[in-house]
Amino acid sequence: MQTVPTIKSRPVYSPVEIDQAVQQHLFIAEEGAFPTLSDLYQDCEGEKSCWIVGQESADKLPKGCHFIDAQSFEEAFGELFAKLPISSNLYIAGIREAFVWDIHKLAIQAGLAPEQIKKLQPLSNERRLFCTHCYTLTEGVTYTPFECPGCKRLLLVRDHFSRLHSAYVGVQINAEDPNDIPPKEELS
Amino acid sequence: MRVAPKPIQTFRDDFTYTNSDDAIKRFPFPFPEDEYMYSVNIEPHALPGPEGTVYEHLFDIDEHYLSEMAERKIVLEENPQRCLAMPHMDLACWDFIDRAMTTMSQDYPEYFSLQKDGDLWTWENRLLGIHDTFTFGDSDTLPQPALEYMGCQVQGDIAILDQRENDLFLDAGIVTCPADWSLAFDAGMSFSEWHGPVPLAHEAGIFERALKYLTAIPVGRPVRRLNWTLTINARMDTSPETYPNWGTDRDSITPENIGAKVYLRVELQVLDRMPRSNGLLFSIRTYLISMNDLVTNPEWAKRMHRIMKTLPPELVEYKGLSRYHPMLIKWLKQFDLEN
């Protein structure tokens, strides 16, 4: 159960249902995240297709499902989204929250409306971190404070989230007093 | 009489910034009551406002003009990403150029002039020695990107908000003197997202009401509000980007230096509808006054004490005052003995 975040930019993921009135349904999952979509996929009676970003995994995947690697999905999805009929929904499942929002951004850029993009709660607590001092982006951050690999500063990982960067912001934790370093904490 | 821009003073390193008596007199003291709490404190910005006040003109040009423009240049040289405009904001940037050049040349004809020959415009800024002829709307005819060009000629930060889906998006800006927010990170955010970190106000429904009000602003009917915080030293660039440079300042306050080092930082925020793009121009004009200068006005001194004494702990924390807040109350008490 997700608690209501105190910082309002942090995404909240509402339960997702299939709208059978919609003409075309596109399911996109990061490698390993398809199981969260499989019930929805099965319930969906309309025209549907499924894309996995990554390799084939141990997950049970639908027949005819497409695979694409992380390096080329941007271009491929850009083209795919632009060709969707107006009555289309997109379902996104990710291990990482950054994956979900990277796809979301591509869809918005291709002209989809926010309400057409259904996002499932990401499966891990891994965050992409934006260092506010040197602008370095770091993947897979799971605890705070975290040392920025770009500028080596110790960053407090905040809950303030940017959909443009698919990232949370990090700000030096001990800028006021170098000795003031709180213990490491696992992120939610 | 209006105060003329004085020679360049600094907002960093040796901090030579000072306020003249006239600048102190016209300082926009932001507290109408003895207690401070968030409210939708937005009001019409009817122009021209009272003569000589910071509300007289859309863009207030004061004695710090040359200093602030020099400071902006330093910040942008250090980090060009403090100015950005998404491609769809080009027209809105030209709206800003039009609004700034038109009003500034009318309001301060001794400093600025604008001549139009159809789309061929000639702009002169005598304070900065700028004299350019360009084709309105054609960014290639300007010596710099449109937003940077004009933003480097007005005091205060500029954000330009795109309006769509009944919301406002932070899609362009030149932000070199922010009160601890990052344009590079907040770029593209909706109104509620970029205010995400602000405590208490979301729950009070402030942003919902403010957004309704702001999206309904018509052309030619700007509105304004004041916002405030405290800053150590006359530092304009209190951005998160440079926080490692100024964070320790907060730990440097003593009862002896508190009057000189603690500044009240007030933002005059003006929102103005842009006619071509339907964007909202959001100017954030920052004024700094040291506690020593502030207490030369006994009414302000008293009120400042009461405001500090009753400030909710969440705001003390959010505004970054925790390290010196108790000391400041103690120091201000001498001006408000009965309280």
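Residues numbered from 1 in each chain as written. Chains lettered and ligands numbered in written order. Predicted model: local features only at pLDDT ≥ 70, side-chain atom pairs only at ≥ 80, totals over all residues. Heavy atoms only, no water.

K.L.:
What is the right way to look at the overall build of chain B in this model?
P.N.:
From N to C terminus, chain B includes 13 helices and ten strands. On C-alpha atoms alone, chain B measures out to a radius of gyration of 20 Å, which is about the 20 Å that the 2.2 N^0.38 rule sets for 339 residues. By its C-alpha atoms, chain B is 65 × 45 × 40 Å across when sized along the principal axes. Taking all 339 residues of chain B together, 60% fall into the buried category. Sequence separation of at least 24 residues holds for 70% of the intrachain contacts in chain B that already meet a minimum separation of 6. When the accessible surface of chain B is summed, it comes to about 14100 Å², and 51% of that surface belongs to carbon and sulfur atoms. Here chain B holds 32 positive side-chain charges and 52 negative ones, and the gap between their average locations is 6 Å. (Helix = DSSP H or I, 4+ residues; strand = E, 2+ residues; numbered from the N terminus. Rg over C-alpha atoms; globule rule 2.2 N^0.38 Å. Buried < 20%, exposed > 50% of the residue type's maximum accessible area, 1.4 Å probe, protein only. Contact = heavy atoms within 4.5 Å. Areas by Shrake-Rupley, 256 points an atom, 1.4 Å probe, with all protein chains shown as cover. Lys, Arg positive; Asp, Glu negative; His and termini not counted. Charge placed at Lys NZ, Arg CZ, Asp CG, Glu CD.)

K.L.:
Explanation requested: the UniProt feature "domain: Dimethylamine monooxygenase subunit DmmA-like C-terminal" (unreviewed entry) in chain A in the structure shown.
P.N.:
Using the residue numbers shown here, the UniProt feature "domain: Dimethylamine monooxygenase subunit DmmA-like C-terminal" (unreviewed entry) corresponds to residues 128-171 of chain A. Secondary structure content for residues 128-171 of chain A is 0% helix and 61% strand, while the C-alpha to C-alpha distance between its ends is 14 Å. (UniProt positions renumbered as here; feature names shortened; annotations may be inferred.)

K.L.:
Would you explain the sheet that holds strand S7 (residues 137-141) of chain A in this entry?
P.N.:
All names here are of chain A. Spatially, five strands are ordered S7-S6-S11-S10-S9 in an open sheet, and the strand pairing comes out mixed. Single-partner strands in this sheet number two, and they are S7 and strand S9 (146-147). Relative to strand S11 (residues 167-172), strand S6 (residues 127-131) runs parallel, the two sharing three bridges. Bridge pairing in S11 places Leu 129 opposite Tyr 168. (Pairing = 2+ DSSP bridges.)

K.L.:
It is not clear to me how the pattern of salt bridges should be interpreted in this structure. Could you clarify?
P.N.:
Residues and elements named next belong to chain B. This structure, assessed with the given rule, holds 33 salt bridges over all chains. Put simply, Asp 60 and Arg 26 hold a salt bridge, and the shortest N to O gap is 2.9 Å. Taken together, the residues span a long stretch of sequence, with Asp 60 in the loop between strand S1 (43-44) and helix H2 (65-78) and Arg 26 in the loop between helix H1 (21-25) and S1 at a distance of 34 residues. According to the relative accessible area criterion, Arg 26 is buried, its value standing at 19%. (Salt bridge = Lys/Arg side-chain N within 4 Å of Asp/Glu carboxyl O.)

K.L.:
What am I meant to see in the environment of Asp 177 of chain A here?
P.N.:
Here Asp 177 of chain A is to be found in the loop between S11 and strand S12 (185-186). Given a relative accessible area of 22%, Asp 177 of chain A falls into the partly exposed group. In this structure, Asp 177 of chain A is in contact with Asp 251 and Arg 323 of chain B, ignoring residues within four places of it in sequence.

K.L.:
Any chance you could explain the confidence of the model for chain B here in plain terms?
P.N.:
Do not read the fine detail of predicted coordinates wherever pLDDT is low. A residue-level look at chain B finds 99% of positions with pLDDT of 70 or above and a mean pLDDT of 96. Interface confidence for the predicted complex, expressed as ipTM, amounts to 0.93; the pTM equals 0.94. (pLDDT = per-residue confidence, 0-100.)

K.L.:
Teacher, can you tell me more about helix H11 (residues 298-310) of chain B here?
P.N.:
Each turn of an α-helix holds 3.6 residues, which means side chains three or four residues apart point in the same direction. All names here are of chain B. End to end, H11 covers 19 Å across 13 residues, agreeing with the expected 18 Å (1.5 Å per residue, within 8%). Restricting attention to buried positions, one finds in H11 the residues Trp 300, Ala 301, Met 304, His 305, Arg 306, Ile 307 and Met 308. Where the residues of H11 are buried, they touch H1, strand S8 (223-232), strand S9 (262-273), strand S10 (280-290), helix H10 (291-294) and helix H13 (325-333). Between the side-chain oxygen at the start of H11 and the backbone nitrogen of Glu 299 there is a gap of 3.0 Å, and the oxygen is on Asn 297. (Expected span 1.5 Å × (residues − 1). Polar contact = N/O pair within 3.5 Å; in protein donor to acceptor, adjacent residues only side chain to side chain.)

K.L.:
Where do I start with the packing of aromatic side chains in this structure?
P.N.:
Each aromatic ring pair is characterised by the separation of its centres together with the angle its planes make. Inspection of every chain in the model, using the stated rule, returns 36 aromatic pairs over all chains. Three or more aromatic residues joined by ring pairs make a cluster, and in this case those are Phe 27, Phe 29, Phe 31, Tyr 36, Trp 228, Tyr 287 and Trp 300 of chain B. Sitting over the ring of Tyr 41 of chain A, Lys 48 of chain A keeps its end group 4.4 Å from the ring centre. The lysine or arginine in question, Lys 319 of chain B, covers the ring of Trp 228 of chain B, its NZ or CZ lying 4.3 Å from the ring centre. (Phe/Tyr/Trp six-rings, centres within 6.5 Å; stacked < 30°, edge-to-face > 60°. Lys NZ or Arg CZ within 6 Å of the ring centre and 35° of its normal.)

K.L.:
Whenever I open this one, the interface of chain A and chain B confuses me. Can you help?
P.N.:
Where interface size is quoted, it is often the accessible area lost as the parts come together. The interface of chain A with chain B comprises 26 residues on the first partner and 27 residues on the second. Here chain A is connected to chain B by four salt bridges. For the salt bridge of Arg 250 of chain B with Glu 176 of chain A, the shortest nitrogen-to-oxygen distance reads 2.6 Å. The set of elements that each furnish at least two residues to the side of chain A that touches chain B consists of strand S10 (154-162) and S11 of chain A. The element contributing the most residues to the side of chain A that touches chain B is S11 of chain A, with five residues. Partitioning the side of chain A that touches chain B into residue classes produces eleven nonpolar, eight polar and seven charged. (Nonpolar A, V, L, I, M, F, W, Y, C, P; charged D, E, K, R; others polar.)

K.L.:
In this structure, what is going on with the domain arrangement of chain A? I would like to understand it.
P.N.:
Residue and element names in this part refer to chain A. In terms of domains, chain A is made up of domain 1 (24-119) and domain 2 (127-186). Just the C-alpha atoms count here: the centres of domain 1 and domain 2 sit 29 Å apart. Listed as interface residues are six residues of domain 1 and, on the opposing side, seven residues of domain 2. Each partner contributes to the roughly 650 Å² buried at the junction of domain 1 and domain 2, and carbon and sulfur atoms together form 48% of this total. One can count two salt bridges joining domain 1 with domain 2. The residue Arg 96 makes a salt bridge to Glu 139 at a minimum N-O spacing of 3.1 Å. In this structure, the connection of domain 1 to domain 2 is made through five residue pairs in polar contact (both at pLDDT 80 or more). Here the residues of the side of domain 1 that touches domain 2 are counted per class, giving two nonpolar, no polar and four charged. (Domains from an automatic or database assignment. Buried area = accessible area lost by both parts, 1.4 Å probe.)

K.L.:
What exactly am I supposed to notice about the sheet that holds S9 of chain B here?
P.N.:
Working definition: the strands of a sheet are paired by backbone hydrogen bonds and lie parallel or antiparallel to each other. Residues and elements named next belong to chain B. What the seven strands build is an open sheet, ordered S1-S8-S9-S10-S6-S7-S2; its pairing is antiparallel. Both outer strands of the open sheet, S1 and strand S2 (83-85), are each paired with one neighbouring strand and no more. Of the pairings in the sheet, the one linking S9 to S10 comprises eleven bridges and is antiparallel in character. Counted as the bridge partner of Val 270 is Ser 283 from S10.

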